[in-house]
Amino acid sequence: MRAVQLQAPGGPDVLELVTLAMPEPGPGQVRVRAAAIGAGGPDVLIRNGSYKWMPPMPAIPGNEMAGTVDAVGPGVDAARIGQRVLVSARELPQRGGCYAEAICVPAEAPFALPDSIAFDDAVSLGNFQLAIALLASNGNAPAQAILVPGAAGGVATALAQVARERGLRVIGTASTPEKQAFALANGVDVLVDGNPARIAEQVMAQTGGRGVDLAFDHLGGALFTACLHALAPSGMLVSYNIVQGPPSADVFETLRQLLGRSLAVRTFSIHAVDADRALRRGLMEQAIALMAAGRVRAPQASRFPLAQARHVHELLDQGSTLGKIVLHP
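What you see is a predicted model, and the numbers here were worked out from it, not measured in a lab.

Rules used in this analysis
Residues numbered from 1 in each chain as written. Predicted model: local features only at pLDDT ≥ 70, side-chain atom pairs only at ≥ 80, totals over all residues. Heavy atoms only, no water. Pairing = 2+ DSSP bridges. Helix = DSSP H or I, 4+ residues; strand = E, 2+ residues; numbered from the N terminus. Contact = heavy atoms within 4.5 Å. Axes fitted to C-alpha atoms, helices over the stretch in contact; angles between N-to-C directions. UniProt positions renumbered as here; feature names shortened; annotations may be inferred. Buried < 20%, exposed > 50% of the residue type's maximum accessible area, 1.4 Å probe, protein only. Core = buried A, V, L, I, M, F, W, Y, C linked by side-chain atoms within 4.5 Å.

1. As for the sheet that holds strand β12 (residues 231-239)
The pairing of strands in a sheet comes from backbone hydrogen bonds and takes either a parallel or an antiparallel form. The strand order across the open sheet formed by 6 strands is β10-β9-β8-β11-β12-β13, and the pairing between neighbours is parallel. Strands with a single pairing partner mark the edges of an open sheet, and in this sheet they are β10 (190-191) and β13 (264-267). The sheet strands contacting helix α6 (residues 199-206) are β8 (145-148), β9 (169-172), β10, β11 (212-217) and β12, and the helix crosses β9 at an angle near 155 degrees.

2. Topic: the UniProt feature "domain: Enoyl reductase (ER)" (unreviewed entry) in the protein chain
Mapped onto this structure's residue numbering, the UniProt feature "domain: Enoyl reductase (ER)" (unreviewed entry) falls at residues 10-327. The span residues 10-327 is 30% helical and 23% strand by assignment, and the distance between its end C-alpha atoms comes to 20 Å.

3. Points about the pairing of strand β6 (residues 102-106)
In terms of residue burial, β6 counts as a mostly covered element, since 4 of its 5 residues are buried. Two elements, strand β3 (residues 29-39) and β6, share 5 bridges in a ladder whose sense is antiparallel. Bridge assignment links Arg31 to a residue of β6, and that residue is Cys104.

4. Brief notes about the pairing of strand β4 (residues 64-72)
Within a regular strand, the side chains alternate between the two sheet faces. Across 7 bridges, β3 lies against β4 in antiparallel orientation. The partner of Arg31 across the bridge, within β4, is Ala71. Both β4 and strand β5 (residues 84-88) contribute to a ladder of 5 bridges, which runs antiparallel. Bridging across to β5, Gly67 finds its partner in Val85.

5. Some points on the environment of Gly126
Tracing the sequence through the fold places Gly126 in helix α3 (residues 125-135). For Gly126, a relative accessible area of 8% puts it in the buried group. The spatial distance from the C-alpha of Gly126 to the C-alpha of Leu113 is 13 Å, given a sequence separation of 13 residues.

6. Here's the deal with unusual backbone geometry
Cis geometry is found at the peptide bond from Met57 to Pro58, where omega equals -5 degrees. Along the polypeptide, Pro58 turns up in the loop between α1 (41-48) and β4. Phi is positive for Asn140, close to 60 degrees, though the residue is something other than glycine. Following the sequence through the fold, Asn140 ends up in the loop between α3 and β8.

7. Digging into the nonpolar core
The biggest cluster of nonpolar side chains holds 48 residues, and the ones touching the most others in it are Leu113, Leu125, Leu134, Ile146, Val162, Phe216 and Phe268. At the level of secondary structure, the elements contributing two or more residues to this core comprise α2 (119-122), α3, β8, α4 (154-165), β11, β12 and α9 (277-292). With 8 residues, the top contributor of residues to this core is α3. In contact with Leu134, other than residues within four places in its own chain, are Val155, Leu159, Phe216, Val238, Tyr240 and Phe268.

Right, here's the structure in full:
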């Protein structure tokens, strides 16, 4: 089979298209033949060697694969052959492994896919799983509105769709006309200026002076502090990445300045549920059910052959694509 592999971390040029023996499922395993492979941020972290959950070298990146079970190992019901499934590396002993024409995984790892979910759409389900978990950061307390900076991103569009499906008002930011149109088409109700100096004022204007119940920040820096000022009483800022680094302002001092609002800050990682199989899988099952019912939808996909993985990673490094990137074997 063909796969994309790296011998050592580095830039996109370390990704090599290789030919490997077709894997055979061992006891308690199934083999999944790929129809669609997701490409995203965690794959870049594996490629450049900065992922906290790095697989050993040589490594095959890729954390999402949708396809069909085409072989089973000893002890697995042969009726599984032909089943449409999603493989998420969150369910595997180690991350990665999906940039390949086939993968062998424990039989209990894949998620069954209804016929109503196309394979290309299924590889976006991880973002909806993450979005559902993020929205539970405040214990699923009642909320009216959320703030999603960078609302054209993969996680952000999933957040916006799930929130709107729940009846929440979604306020977002986006930096270009193309991204603004994409965000509005994927769940955002209204856009405001993403300038940290203006965002809180505009959010307050859009919420009648109340603010938002939840703000989801993946940038950090000055935006982190600005999001605190945009929160409603008892609101929560959820930090799930710090692309621009940590805030320079004293966060605790800012919280004390806003003491009358009783605000909260939470850091978030989906890895917090790594050891809780029932919760982790339950989040994905919720995402599958929402998409199968048409209550959320996968964003538009950019499709490339698996052989163009280097080019895809150049695009990922540039941040120049909208929607999900899907590799076809």
